[in-house]
Amino acid sequence: MSPAFIFCWTPGSLSGIIMVHHSGSIQSFKQQKGMHTSISEILKEKTLKSSRRSLPCLAQSQTHPENLNHFLSVPLSPGPKSYTHSSSVSASCTHITPPATDTGQDVYTEERETGGFEPKTDETLLVQQKPVSRGKLEARTDSVKGKNLETPSGLMFRDGKKRIDYILVYKKSSPQVEKRCTFERNLRAEGLMLEKEPSLTNSDIMFVKIHAPWDTLCKYAEQMNIRMPFRKKCYFTDWKKKAMGSRFQLRFRQLKSWLPRNPMKLDKEALPDLVETDCYTAPFCRARMHHFTINNRETFFSNSTRSRIVHHVLQRTKYEDGKSKMGINRLLGNSTYEAAFPPHEGCYKSRHPIKTHGAQNHRHLLYERWARWGIWYKYQPLDLIRRYFGEKIGLYFAWLGWYTGMLIPAALVGLFVFLYGLFTMDSSQVSKEICEANTTVMCPMCEGNCSSWTLSDSCVYAKVTHLFDNGGTVFFAIFMAIWATVFLEFWKRRRAELTYDWDLIDWEEEECKPCVMVCSEELRPQFEAKYSRKERVNPISGKPEPFQPLTDKLSRLMVSVSGIFFMISLVLTAVFAVVVFRLIAMEKFVSFQWEFVKKNWQFATSGTGVCINFMIIMSLNVVYEKVAYLLTNLEHPRTESEWENSFALKMFLFQFVNLNSSTFYIAFFLGRFAGRPGDYNKLFNRWRMEECHPSGCLIDLCLQMGVIMVLKQIWNNFMELGYPLLQNWWSRRKMKRAGEQSNSKEELPQWDRDWNLQPMNAHGLVDEYLEMVLQFGFTTIFVAAFPLAPLLALLNNIIEIRLDAYKFVTQWRRPMPARATDIGIWHGVLEGIGVVAVITNAFVIAITSDYIPRFVYAIKYGPCVDKGYRHEKCLRGYLNNSLSVFDMGELRNGSYENQYCRYRDYRAPPWSPEPYEFTLQFWHVLAARLAFIIVFEHLVFGIKTFIAHMIPDMPKDLCDRMRREKYLMQEMVYEAELEHLQKERKKNGKRYHHEWP
């Protein structure tokens, strides 16, 4: 068993290096023998293949530890810190002491100055943390072949050397001058460099450009536990595949090489910047800086990482005295600043084609290889998306692409079921009997001026119903339940591969090491400000942190839950209003003067009811978003992930109930409480309850789902892209009319162009996920009633991917790159929807559709009772059997003489000893429905559970690769430290032997 190593590095000393054997004894390295085996000797045993990791190793020009000795020679002792800006013109805030006759309040003005700047910091307003001082280090620039996409032109300070990492925007007319000046002084004290620039499009707008120097980046990268590429050469771990490759695999690869190339794959030449050498990563630590691959300090931290570090500083910098007076979010809320965002990397379009001249920047590359509509059939460049927008947005698009790909088989099967219903529509026995029932008189649909009608008038209605209510309905419902499970299980495997490739495996549960100051997720600034006076020891870090008492948490949670139930009751009230509207509309359309509307009153009633319901849904969604935001802030979640999960859950509950409540009414309540002729149930003793068509209620449910799904997708696409396009067009039009910009847009600086774009949604990706999760619910929950739902979802998602890509790249400001290991609470929501889908589809098939009544008639009452069930031939006479008889002469108005009419139910005729009582067939059908629900649910849940256990969450080869890399990482860290200490002793002239330095 290999020993485990624990390293506590102290530069220039070996006293902190210890080794722990599996037996538990601790001995000094100096007393061990035979531990000088190089890791290269271990790797000689197997030839290893490269394992894909996404962070750059840059092993082409490795940085030797001797080149970094000047980094380690600088003492890391705290001391006073001062920053000297370049000689370029910059704007700063000056503190003016008022005369004695004034009120005694400080006055802050803004002035223009040149030359150096010495920050005048009020110590009482700064965060109580001693800044770490380092000597001024000259940046070493390495010659890079080709065009460097990491440092686009036009995103620098005036000196052309300092990169812009973040942009703050404020109005000169804003009265919050004191807060802004204090905040900017504290930012400088934290190590950031600031430079101000007036806007070229609005004289009242001022931009604050922020640059994070090397020392500041290193300091906060260590505190934030950011993983960076390790200095040592890459060790490859896929040795099993190469050593154990079979002849079959070789022949399969040869055969695959002869086949035509997959047109959906992106050319490697199209993404040259993604071709990079792999390497291990480790949490950054300044005391171990010699271990990391630092070829160029300007490109060591990527643009997204630099922006994330600056955002971390902005969130925790004070602007006034007091623990609650901190953070850029509060300054944005009180209009001290108008906006805060990382800049885009230049323009997304170029006059020259990308194939001949290459990409100007990563944004241009994303537009050409991802956001253009002409490449809608291509795979997404997930690595490039992750590098530019961060892992959180990259995981969203990875999930969206995976969901879209999994919709292809579901859409094909649903289309096959629909086509089966289309081809068998004319041969359906039930449809034929309805269309030929010219003498079957149906009871009036309303009282008063309504007259009876013949069943053949609804021939078209019956044929359309057969499109969705046919023999393939049960099969498709079972298939979609299994599909939902397979989709989620294989997404877990795909997510595991992505987290490994993107180096997110150990991000959340990174071990607490000597150099790491933060070992768990960071607290929200609002939480810190609210509960700063109540502290407890963090069980992970062992340090005091703000604490929310249990009583306070429960009281706030009760208020939030009460608000949720109130909003759900508001939804049910809206559904009740729609039901009343349908009852009124039914009476009006049945007695309508226009014969076309009178003949198709079912379609008219359902269609108008759906449209009214859709308008109510979209109106209430606006209210729900604001209420969910207020309730979530009232709870004061501890971390950002907790806030987002709480807000997402509320939004899902609100919109799910809002979107599906009317659908549940049509599926399970429509026509169930109508009564019978002569004894109809009435709402408020005024309106008669709505009945189902003789061919069933499924067509009403199908119409409800189809209209809402199509209209909602169109509305969402317009709001996501059309609305930002109109806003950006209007802002450009106003600038041109004011004459405040030149005719050429390219002459504007990047920060000015980004300011004129629309900000990302205030709730991040919640709206994007919510739209897709609600669509997933529509696709699975009532799919038995609408088999075309997966096809509509597939077509929408193909458009949605490119629409979101175009929006992120061209219409929105660049969002702050954030990290994430999964899709958060949405995975649990999707699993819950999968369970609900099984139950609802069982009830839809058993209660809403006519599958069970037809099945009972065929095996018990039809002409094939003694011959066995033989599909449509056994359904002869089913229509007459499913319609009961009513004597219209019993009506009080006496307008109907002795004439019989038919209605849909299983009741005894008026001449029987017990007229209008339920027949034995009614109880047979009811028992069959209950039995079908139980059998269907147990069967499908059993299959889902079996599939979930059969498919592991992580591929086995990935598990082996991770274990091997963990072992090699320990050996590599030991050898790297040993080599460094040997070189240090040799440089200092001390003797050393080959075992230990």
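Structure: see above.
All values derive from a computational prediction rather than experimental measurement. (Residues numbered from 1 in each chain as written. Predicted model: local features only at pLDDT ≥ 70, side-chain atom pairs only at ≥ 80, totals over all residues. Heavy atoms only, no water.)

K.L.:
Mind laying out helix α12 (residues 382–389), listing which residues take part and the relevant values?
P.N.:
The element α12 is extensively covered by neighbouring structure, given that eight of its eight residues are classed as buried. Among all positions of α12, only Leu 382, Asp 383, Leu 384, Ile 385, Arg 386, Arg 387, Tyr 388 and Phe 389 are buried. In this structure, the buried residues of α12 make contact with α8 (303–315), α11 (362–371), α13 (391–423), α16 (472–501) and α25 (789–811). (Buried < 20%, exposed > 50% of the residue type's maximum accessible area, 1.4 Å probe, protein only. Helix = DSSP H or I, 4+ residues; strand = E, 2+ residues; numbered from the N terminus. Contact = heavy atoms within 4.5 Å.)

K.L.:
How would you explain the side chain of Asn 660 if you had to name every residue and give the values?
P.N.:
Within the element layout of this structure, Asn 660 appears in helix α21 (residues 640–668). Judged by relative accessible area, which is 3%, Asn 660 ranks as buried. With near-sequence residues (within four places) excluded, Asn 660 lies in contact with Phe 778 and Phe 782.

K.L.:
Give me the lowdown on the sheet that holds strand β8 (residues 205–211), citing residues and values where you can.
P.N.:
Pairing is antiparallel across the open sheet formed by four strands, whose spatial order is β7-β8-β6-β11. Strand pairing shows two members of the sheet lacking a second neighbour, β7 (193–198) and β11 (339–341), which therefore form its edges. Pairs of neighbouring strands in the sheet enclose a mean axial angle of 20 degrees, with direction left out of account. Strand direction decides the pairing type here: strand β6 (residues 166–171) and β8, joined by six bridges, are antiparallel. Note that in β8 the partner of Tyr 170 across the bridge is Met 206. Here α8 sits on the sheet and contacts β6 and β8; the angle it forms with β6, its principal contact strand, is near 45 degrees. (Pairing = 2+ DSSP bridges. Axes fitted to C-alpha atoms, helices over the stretch in contact; angles between N-to-C directions.)

K.L.:
So what's going on with the pattern of salt bridges? Residues and values would help.
P.N.:
This structure, assessed with the given rule, holds 29 salt bridges. A salt bridge links Arg 158 to Glu 197; the shortest N-O distance between them is 3.0 Å. A residue pair is termed long-range when its members are at least 10 positions apart, and Arg 158 in the loop between β5 (107–113) and β6 and Glu 197 in strand β7 qualify at 39 residues. Here Arg 158 falls in the partly exposed class, since its relative accessible area comes to 34%. Across the pair Glu 391 and Arg 819 runs a salt bridge, and its minimum N-O distance is 3.6 Å. Of the two residues, Glu 391 sits in helix α13 while Arg 819 sits in the loop between α25 and α26 (826–848), which places them 428 residues apart along the sequence. (Salt bridge = Lys/Arg side-chain N within 4 Å of Asp/Glu carboxyl O.)

K.L.:
I'd like a rundown of the nonpolar core, residues and numbers included.
P.N.:
Membership of the largest hydrophobic core comes to 149 residues, with the highest contact counts inside it found for Phe 389, Trp 399, Tyr 403, Trp 483, Phe 652, Leu 701 and Trp 826. Among the elements that make up this core, the one with the highest residue count is α13 (15 residues). Contact partners of Phe 652, with chain neighbours within four places excluded, come to Leu 770, Val 773, Leu 774, Trp 826, Val 829 and Ile 833. Cys 218, Ala 282, Phe 284 and Phe 301 belong to the second largest nonpolar core, which has 40 residues in total. (Core = buried A, V, L, I, M, F, W, Y, C linked by side-chain atoms within 4.5 Å.)

Take it as geometry only, folks, not as evidence of what the structure does.
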